[in-house]
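Read off the chains here:
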Amino acid sequence: VLSRCLQFNLKRLPWELISKHLEHILVQEGVESEAAARGAIARAADGSMRDALSLLDQAIAYGGGKLSDAEVRDMLGSIAQEHVLALLQALARNDAKAVLECTHSLAEQAADFSGVLAELISSLHRIAFAQLLPEAVDDSLGDAATILELADQMPAEDVQLFYQIGVIGRRDLPLIPDARSGFEMVLLRMLSFRPVDVGSEVSATIIKPPVAAAILPPVTKSKPSVADPVPALSSKPQATVAPPRTDTPEDWASIVCALRLTGMAHQLAVNCELKQRSGDTVHLVLDTAHAHLRSSKVEERLEQALQQYYAAPLRLIIDVDKPAQETPASRQTRQHDERQQAAMATLKADANIKSLCETFNASINPDSIISADQT
């Protein structure tokens with residue numbers, strides 16, 4: 001607000017604060033309202049309390065004296081949160097058919113695909129937040145349970161990638177003649193370019209037991225002697241006893257790959273160090289910097305995966321401390337940094353690169369180097 005003598009810098013209000021103020025007004029006026037409806041109006045106001053009050057008056061008149069989520073979204077032209085959650089669940093399952101069916105259902109409702117994509121991005125932000133701080137997820141839209149479930153199902157890499165694809169797709173959506181086709185292409189990119197866990201394929205060869213023929217001495221054929229007793233034939237084949245596992249902390253990265261965990265359980269496993277396995281107990285150490293990853297549900301998933309891997313009932317114990325050795329996550333980071341440094345050294349030693357730097361007084365930007373593990 002500007003005048004000749006005064007200047008007021010007004011900031012946008014958080015939608016949570018607007019929603020609470022609308023709730024206070026509705027309670028004083030004795031108007032029935034739903035939390036999801038108040039949240040939808042607060043978000044549509046885009047930080048302006050005056051716009052929120054105007055939309056509130058319109059919504060009360062539109063709903064015949066009460067505020068319901070369905071009528072507010074119908075007035076605003078937005079869609080119900082259930083459609084966005086159904087899209088996210090289909091993406092989590094990598095189900096292309098279900099994704100296109102959701103898109104067809106949205107088209108039948110004449111939905112604003114730019115607004116739907118904005119809701120999708122907002123939900124992805126909440127899922128990423130839930131993967132780090134599950135207890136801080138708000139339930140203003142009545143979907144906190146579903147958001148926490150998706151946070152447990154979807155790997156953190158997928159959530160970050162989907163968010164980035166959604167942001168870029170929404171920016172390019174006005175350039176596309178057909179909004180529906182642009183929205184579908186954004187969803188297809190999310191399905192097509194999701195990260196592939198190549199470590200699980202490599203781990204199959206790492207933990208593969210040695211072939212029996214490689215450790216047995218060669219068998220030489222000889223004629224049977226009369227003095228040699230003839231062995232009795234047994235109707236039952238002799239059972240081979242598998243050698244007990246003697247896992248070391250260095251094997252933990254291979255074990256984590258073989259567990260094929262996703263979501264929070266995978267994040268917990270890769271940030272732990274295997275201290276020891278004795279009898280029916282697996283003892284892990286979690287870095288204090290990642291203590292927020294612990295929860296009873298996530299630890300239960302990790303314990304069940306370990307029981308399937310060892311094919312035996314096991315009890316999982318996790319201590320929070322500074323690991324003495326590197327975890328699979330820190331090892332991956334260290335190996336990535338080493339490859340980046342090696343790539344930088346190779347470029348600096350290249351004669352052509354040296355000539356360009358000397359001619360144009362240029363320098364190499366380390367952030368522009370992509371190593372083989374990023375391609």
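Note: the structure precedes this text.
In what follows, the accompanying structure is described. Fair warning: this is a prediction, and the values are worked out from it, not measured in the lab.

Some words on helix α5 (residues 81-93)
Working step 1: Under the 1.5 Å per step criterion, the end-to-end length of α5 is 19 Å for 13 residues, consistent within 8% with the ideal 18 Å.
Working step 2: Burial in α5 covers these residues: Gln81, Val84, Leu85, Leu87, Leu88, Ala90 and Leu91.
Working step 3: Positive phi appears at Asn94, one or two residues downstream of α5, with a value of about 60 degrees.

A word on unusual backbone geometry
Working step 1: The backbone of Asp46 sits at a positive phi, close to 55 degrees, despite the residue not being glycine.
Working step 2: Here Asp46 shows up in the loop between α2 (35-45) and α3 (49-62).

Details of the pairing of strand β3 (residues 315-320)
Working step 1: As paired strands, strand β2 (residues 281-286) and β3 are joined by 6 bridges and run parallel to one another. Looking at β3, one finds that Leu286 is bridged to Val320.
Working step 2: As for the winding sense of the linkage, the β-α-β connection from β2 through helix α15 (residues 296-310) to β3 is right-handed.

Here's the deal with the packing of α5 against helix α7 (residues 113-132)
Packed helices, taken two at a time, are described by their axes: the angle between them and the distance between them.
Working step 1: With their axes 10 Å apart at the nearest point, α5 and α7 run at an angle of 65 degrees to one another. Here α7 runs roughly perpendicular to α5, going by the angle between their axes. Both α5 and α7 take part in a crossing whose hand is right-handed. Contacts between α5 and α7 pair Gln81, Val84, Leu87 and Leu88 from the former with Val116, Glu119, Leu120, Ser123, Leu124, Arg126 and Ile127 from the latter.
Working step 2: When the residues that make up the contact of α5 with α7 are grouped by side-chain class, the tally is 7 nonpolar, 2 polar and 2 charged.

Looking at the pairing of strand β1 (residues 272-278)
Working step 1: Pairing geometry for β1 and β2, over 6 bridges, is antiparallel. Note on β2: the bridge partner recorded for Arg277 is Val282.
Working step 2: Taking the residues that link successive antiparallel strands as the turn, the β1-β2 hairpin has 2 residues, and the phi of Gly279 there is positive, at about 65 degrees.

Examining the environment of Ala86
Working step 1: Looking at the secondary structure, you find Ala86 in helix α5.
Working step 2: Ala86 sits 16 residues away from Cys102 along the chain, and the two C-alpha atoms are 7.3 Å apart.

Details of the packing of helix α6 (residues 96-108) against helix α10 (residues 179-192)
Working step 1: Put simply, α6 and α10 touch, their axes get as near as 11 Å, and they point 160 degrees apart. Classified by the angle between their axes, α6 and α10 sit roughly antiparallel to one another. Remark: the crossing between α6 and α10 carries right-handed chirality. Of α10, the residues touching α6 (which contributes Ala96, Val99, Thr103, His104, Leu106 and Ala107) are Arg180, Phe183, Glu184, Leu187 and Leu191.
Working step 2: Counted by class, the contact of α6 with α10 contains 7 nonpolar, 2 polar and 2 charged residues.

Examining the nonpolar core
Working step 1: Leu87 and Leu88 are the most contacted members of the largest nonpolar core, which totals 35 residues.
Working step 2: Those elements that provide at least two residues to this core are α5, α6, α7, α8 (144-153), α9 (156-172) and α10.
Working step 3: Ranked by residues supplied to this core, first place goes to α7 with 9 residues.
Working step 4: Ignoring any residue separated from it by four or fewer positions in sequence, one finds Leu88 in contact with Leu120, Ser123, Leu124, Ile127, Leu150 and Met154.

Overview of the packing of aromatic side chains
Working step 1: Counting across every chain of the model gives 2 aromatic pairs.
Working step 2: Between the aromatic rings of Phe113 and Phe183, the centroid separation amounts to 5.2 Å while the plane-to-plane angle is 40 degrees, which identifies the pairing as tilted. Taken together, the residues Phe113 in helix α7 and Phe183 in helix α10 connect sequence positions 70 residues apart.
Working step 3: The class for Phe113 is buried, based on a relative accessible area of 8%.

Here's the deal with the side chain of Asp69
Working step 1: Within the secondary structure, Asp69 sits in helix α4 (residues 69-76).
Working step 2: Aside from chain neighbours lying at most four places away, what touches Asp69 is Glu34, Ala36 and Ala37.

Topic: a nonpolar patch on the surface
Working step 1: Together, Leu6, Phe8 and Leu10 line one region of the surface with nonpolar side chains, adding up to about 350 Å² of accessible area.
Working step 2: Within the secondary structure, Leu10 is located in the segment before α1 (15-29).

What to know about the pattern of salt bridges
Working step 1: Applying the stated criterion to the full structure yields 9 salt bridges.
Working step 2: Between Arg93 and Asp95 there is a salt bridge, with its nearest N and O atoms 3.9 Å apart.
Working step 3: In this structure, Asp152 engages Arg301 in a salt bridge whose closest nitrogen and oxygen atoms are separated by 2.8 Å. Within this pair, whereas Asp152 is found in helix α8, its partner Arg301 is found in helix α15, the two being separated by 149 residues in sequence.

What counts and what doesn't
- Residues numbered from 1 in each chain as written.
- Predicted model: local features only at pLDDT ≥ 70, side-chain atom pairs only at ≥ 80, totals over all residues.
- Heavy atoms only, no water.
- Helix = DSSP H or I, 4+ residues; strand = E, 2+ residues; numbered from the N terminus.
- Expected span 1.5 Å × (residues − 1).
- Buried < 20%, exposed > 50% of the residue type's maximum accessible area, 1.4 Å probe, protein only.
- Pairing = 2+ DSSP bridges.
- Right-handed = clockwise from strand over helix to strand, strands pointing away.
- Axes fitted to C-alpha atoms, helices over the stretch in contact; angles between N-to-C directions.
- Parallel < 35°, antiparallel > 145°, perpendicular 65-115°, else oblique.
- Left-handed = near helix turned anticlockwise from the far one by under 90°.
- Contact = heavy atoms within 4.5 Å.
- Nonpolar A, V, L, I, M, F, W, Y, C, P; charged D, E, K, R; others polar.
- Core = buried A, V, L, I, M, F, W, Y, C linked by side-chain atoms within 4.5 Å.
- Phe/Tyr/Trp six-rings, centres within 6.5 Å; stacked < 30°, edge-to-face > 60°.
- Patch = residues over 30% accessible without salt bridge, like charges linked within 9 Å, V, L, I, M, F, W, Y side chains within 5 Å.
- Areas by Shrake-Rupley, 256 points an atom, 1.4 Å probe, with all protein chains shown as cover.
- Salt bridge = Lys/Arg side-chain N within 4 Å of Asp/Glu carboxyl O.

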